[in-house]
Every structure is written in C-alpha cells, then in structure tokens.
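Fold and geometry: a report
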Amino acid sequence: MQKHIHVVGIGGIGISALARYYRYLGYTVSGSDQSDSTLIFTLRAEGMDISLGHDAKNLPAHTHLVVYSEAIVTKPDIPISDQLVSNPELARAKELWIRSLSYPEALAEIVNTKKCIAIAGSHGKSTTSAMTAVACKGTSPGASAIVGTQVPQLGNTNFHAEESDYFIIEACEYKRAFLRYRPYITAVTNIDLDHLDYYHGIDDYLAAFQTLVDQTDRYVIVFDDDPQSVKLTILEEKKVTIRDGVIYFLKKDAIGNYHEHAVPLPPLLLQVPWAHILRDAYLAYTIGYIMGMDGEILVSKLQWYTGAWRRSEIVRTTYQWNILMSDYWHHPNEIIPTLRALHEKYPDRKLYVVFQPHQYSRTRELLSDFSQAFQDVDTLVIPNIYFSRDKQEDVEWMTVERLMEAIRPYQPHVIDGKGLENTAKLILKYDKKNPNSSIILLLGAGDVDELRKVI
C-alpha cells in the first residue's frame, strides 16, 4: 500500500506546495481546510481528497504522517500544545499514534537531505524564490522548489520538482521557523523588523537571522546597501556580497588560497518593470551563478519571468476598462515602493486602493508607518482588519476607525469599507462612475483577494 499523508490546513500557499511534492514522491495525499478556494479546487483536480471543516473522520486510519499548517494555531493566549489537541484531526492522530509535524518541520525533513537554497528576508522572498526556480528549471544543475506564490512558468503552481541535489525554499522567519533548515546557500533579500507579535525588537529579529547564517553550510548572499543585513557576522569564505552592480566573493585557487573575485551583474530587461523586482532578479542571478549556471542562460530565464500570483498581478480589465490588480504586500515598507511604482508606471491613471491590514498586532505596532504609507493613492478603502494569531487586547484597541484617524492627515480620501461585501459594492460603484481612468488594487495578505471574484 502507498504511504498516505494527511495535510491539515492544505489550502495554505506553502503547505499546498509541500502536498504537491509528496504526490510527486508517490504518496497518496488527503487534506482538510476551513473553507473552499480556487487552490483547493485545483488540488482536488490533481487527485487529492480534501474535506472542508476539521473533523476526526477526515483522517484515514492508515495515515502514515500528518502535516499541519501553523495557521490553525490562532490563539496566542493559549498554549500551542492545547490548541493542537483541540483540533479534532490532530487529536485523532495522537490517539492513533500517527506522527504529526508542522509545515516547517516536515519541509525540513525533505530539504535538509538536499543542498537547500533558503531565500530569507523580510520582503521579496516569494518573488526571489519564484525567479530562482524559473532560472534553475530544466537547466543544469537544476533544482526542485517550493514557493509562496503561483508562477506561470511553473505551470501556474507553487511547486517544481526535478532530479537534482538542489532544493529552493522560502525560509520564513516567523517564530524562528527557518531555523529548522540547514541551508547550503542562504540568500537574504533584506532585514526589516516584522512579526512584532513574536519578536521583541530589531536585536531579537536580527539574532534569528544570525543563527540562520551560522548554520548555513556554504554561501550567504547579502546586499551591501541593506542597513541591517550588513550587521550579520559572516565568515569571509562564505560571504557573497552584491554591491554597486557587482557580485563579490572569495574564490579558492589551485593551491587552496582564497582571493576576492568580482563578477559584474548583467543588464536585465524584465517583463515585470519594478525596481524592487529587478533587485530580486539580481539576487536570483547571483544564486544561479554560484551554483555554476551559465550567465547567458540565467539572463534569458530571468527575462522570461512574467510575474506571479498576487505580486503586482494584473487580474483583468473591468467592464468599465479600469485595470484590476492584486498584491500581497502588507508591510508599510513593501506598500510604499509598490504604490510609488504604480504611480510612476501609470501616471495618467488614478489609484483606487483597497487595503486590508494583516493582523491587528502588526497594524498597532506599525501604526505610525501605516499612517504615511498611502500618500501616492487617490482613494483608499479599508474593508476590515484581517485576524491572524491576534491577542484580544490588540483586537479591541486597533480598530478600523483608529487606523483611519492616523491615515487621514496624510491621505484624506480614506473610506471605511465596512466589510468585504460592502467594499465590493463600493468598488463596483466606483468602477461605473470612473470608466477607463484607474488602477483598482486589492492589497493585503488576508482574504481581500476574494474580491476579484465579484468585481
């Protein structure tokens, strides 16, 4: 009998990719999630038996392994062990002595047997992972990949598998999850304090990245102009630095001595013309180069990249000829350059932005930054704040009204959407009254993207 793996929370973007990889390895895969989605529909079409809602009956008795998304752990005031036992499928697994692993634990069991390429950093992990996977796909030495977005060049999925020693992953820093991995290469996009519901400040946050650096086997790639990344202590023989358009690293000569080696980065004509995407592309190029890939092939592959799901994604043109876009960004330092780039690319179009903050705690901690993040938009709608692992005190304090009060001095055209359903009506009304004039952007990491179905 084939080994069976059951995935709790299978609708998550990262864990669904892992489920696909298990299928590639020959396992049968089932799963469950709280609500339906286009992704779950696709996983079913690929042969996975997926139940909606969590129930002990969902777990087959012959299950070999249970993998669960940490998104089902949503109550920070209750010990995680109690929350896991309260999930009926995980409780049933415990009764049956079936091994259960979190998504990072399960992923680590796979990638720690490979030459793991860990893409870490506060912003840009998904794009860099996607670009690196596209660059490596089908080209020696190749690589398997699990990324946090769906990519056209990966068959519109979040996963790619091939026979290779290399495995590309996004290495998320939340709760130090990335310390499960033992990378061969770690690439750091940037370091910008986040996840303040867990980390105690920039020193604590930076210390987590330092530990990841310390347990990286061969190369650590950083940008010389990132103020926090340069604080990392990296052994000189491991360090690869991108500085002023050049890759610098130490190269061993025939008798074993190290000498500095400099490789100019080539010009890239990307199909996704944002400045921060070009930066991600150069990081992907650097990874491929130190893996031993041909530079011309890398340029060709990266210029083939056409973007990814919810990364400045153009969804479609509305009936009134406005451009509907969707973007996952949810941190002020991600939002500001994205809006500025849109304003510069579409100077003749107004920006109508629907922003759903992700987490009450993040919104509260970064309220001052959020207040000034929307100066490049013409109209801002806030439908609600997305709940994820939030404490009750943050939920009670951080209201939409308080957020709007903070934003209004810098952006007076801010509207309370009063929920997603009502926000959809506001968008349709705006679209009708302002034909062929605007970018309508769905912005945030929660369920705001569901609005694309009704607009």
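Quick note: structure is the one above.
These figures come from a predicted structure and were not determined experimentally.

A word on the overall build of the protein chain
- Helix and strand counts for the protein chain stand at 15 helices and 20 strands.
- The C-alpha atoms of the protein chain give a radius of gyration of 22 Å, which matches the 23 Å a tight globule of 455 residues would have.
- With the principal axes as the frame, the protein chain shows a C-alpha extent of 70 × 55 × 40 Å.
- Within the protein chain, the fraction of its 455 residues that count as buried is 57%.
- Pairs at least 24 residues apart make up 67% of the contacts formed inside the protein chain by residues separated by at least 6 positions.
- Carbon together with sulfur atoms contributes 50% to the accessible area of the protein chain, which is approximately 19800 Å² in total.
- Placing the 46 positive and 56 negative side-chain charges of the protein chain at their respective mean positions leaves the two points 4 Å apart.

Regarding the packing of helix 1 (residues 13-25) against helix 5 (residues 103-111)
- The geometry of helix 1 relative to helix 5 is characterised by a closest axis approach of 11 Å and an angle of 40 degrees between their N-to-C directions. If you check the angle between helix 1 and helix 5, you find them oblique. Relative to helix 5, the crossing made by helix 1 is left-handed. On helix 5, the residues that touch Gly14, Ile15, Leu18, Tyr21 and Tyr22 of helix 1 are Tyr103, Ala106, Leu107 and Ile110.
- Classifying every residue of the contact of helix 1 with helix 5 gives 8 nonpolar, 1 polar and no charged.

Some remarks on the environment of leucine 232
- Positionally, leucine 232 belongs in the loop between strand 11 (219-223) and strand 12 (239-243).
- As for leucine 232 and threonine 211, which are separated by 21 residues in sequence, their C-alpha atoms are 9.6 Å apart.
- Among all residues touching leucine 232, those that are not within four sequence positions of it are Ile191, Leu206, Phe209, Gln210, Val213 and Val222.

Focus: the sheet that holds strand 4 (residues 65-68)
- Strand order in this open sheet of 5 strands is 3-2-1-4-5, and the pairing throughout is parallel. Since the sheet does not close on itself, it has two edges, and those belong to strand 3 (49-52) and strand 5 (99-102), each with one partner. Strand-to-strand twist of the sheet, defined as the mean angle between neighbouring strand axes without regard to direction, takes the value 20 degrees.
- Of the strands in this sheet, strand 2 (28-33) and strand 3 touch helix 2 (residues 38-45), which is tilted by about 145 degrees from strand 3.
- With respect to the sheet, helix 5 is in contact with strand 4 and strand 5, its orientation differing from that of strand 5 by roughly 95 degrees.

Examining the side chain of glutamate 313
- Along the chain, the position of glutamate 313 falls in strand 15 (residues 313-317).
- Of the residues examined, glutamate 313 reaches a relative accessible area of 17% and is grouped as buried.
- Every residue in contact with glutamate 313, bar those within four places of it in the chain, is listed here: Ala308, Leu324, Met325, Ser326 and Arg452.

Quick look at the pattern of salt bridges
- In total, this model carries 15 salt bridges according to the counting rule given.
- Taking the shortest distance from any N to any O, the salt bridge between arginine 452 and glutamate 313 comes out at 2.7 Å. You can see arginine 452 sitting in the segment after strand 20 (438-443) and its partner glutamate 313 sitting in strand 15, a full 139 residues away along the chain.
- Residue class for arginine 452 comes out buried when judged on its relative accessible area of 16%.
- The residue arginine 452 makes a salt bridge to aspartate 449 at a minimum N-O spacing of 3.0 Å. When sorted by exposure, arginine 452 lands in the same class as aspartate 449, which is buried.
- One salt-bridge network, in which partners are shared between bridges, spans Glu313, Asp449 and Arg452.

Topic: unusual backbone geometry
- At the junction of serine 140 and proline 141, the peptide bond is cis and its omega measures out at 5 degrees in the coordinates.
- As for its position among the elements, proline 141 is in the loop between helix 6 (125-136) and strand 7 (144-151).
- Positive phi is not limited to glycine here, since asparagine 436 has a value of about 50 degrees.
- Along the chain, the position of asparagine 436 falls in the loop between helix 15 (420-433) and strand 20.

A look at the packing of helix 1 against helix 2
- Where helix 1 contacts helix 2, the two axes come as close as 12 Å, and the packing angle between them is 5 degrees. Between helix 1 and helix 2, the interaxial angle falls into the category roughly parallel. Note on element contacts: helix 2 touches helix 1 through Leu39, Thr42 and Leu43, opposite Ile13, Ser16 and Arg20.
- Classifying every residue of the contact of helix 1 with helix 2 gives 3 nonpolar, 2 polar and 1 charged.

Considering the sheet that holds strand 18 (residues 379-382)
- On the basis of which strands lie adjacent, the open sheet formed by 6 strands has the order 15-16-20-17-18-19 and mixed pairing. Either end of the sheet is taken by a strand with one partner, and the two such strands are strand 15 and strand 19 (414-416). Along the sheet, successive strands turn relative to each other by an average axial angle of 20 degrees, direction set aside.
- Summarising the sheet, strand 17 (residues 350-355) and strand 20 pair through 6 bridges and their orientation is parallel. Within the sheet, the bridge partner assigned to valine 354 lies in strand 20 and is leucine 442.
- Docked against the sheet, helix 10 (residues 332-345) engages strand 16 (323-327), strand 17 and strand 20, running at close to 155 degrees with respect to strand 17.
- This element, helix 14 (residues 400-407), spans strand 18 and strand 19 of the sheet and lies at about 170 degrees to strand 19.

What counts, and at which threshold
- Residues numbered from 1 in each chain as written.
- Predicted model: local features only at pLDDT ≥ 70, side-chain atom pairs only at ≥ 80, totals over all residues.
- Heavy atoms only, no water.
- Helix = DSSP H or I, 4+ residues; strand = E, 2+ residues; numbered from the N terminus.
- Rg over C-alpha atoms; globule rule 2.2 N^0.38 Å.
- Buried < 20%, exposed > 50% of the residue type's maximum accessible area, 1.4 Å probe, protein only.
- Contact = heavy atoms within 4.5 Å.
- Areas by Shrake-Rupley, 256 points an atom, 1.4 Å probe, with all protein chains shown as cover.
- Lys, Arg positive; Asp, Glu negative; His and termini not counted.
- Charge placed at Lys NZ, Arg CZ, Asp CG, Glu CD.
- Axes fitted to C-alpha atoms, helices over the stretch in contact; angles between N-to-C directions.
- Parallel < 35°, antiparallel > 145°, perpendicular 65-115°, else oblique.
- Left-handed = near helix turned anticlockwise from the far one by under 90°.
- Nonpolar A, V, L, I, M, F, W, Y, C, P; charged D, E, K, R; others polar.
- Pairing = 2+ DSSP bridges.
- Salt bridge = Lys/Arg side-chain N within 4 Å of Asp/Glu carboxyl O.

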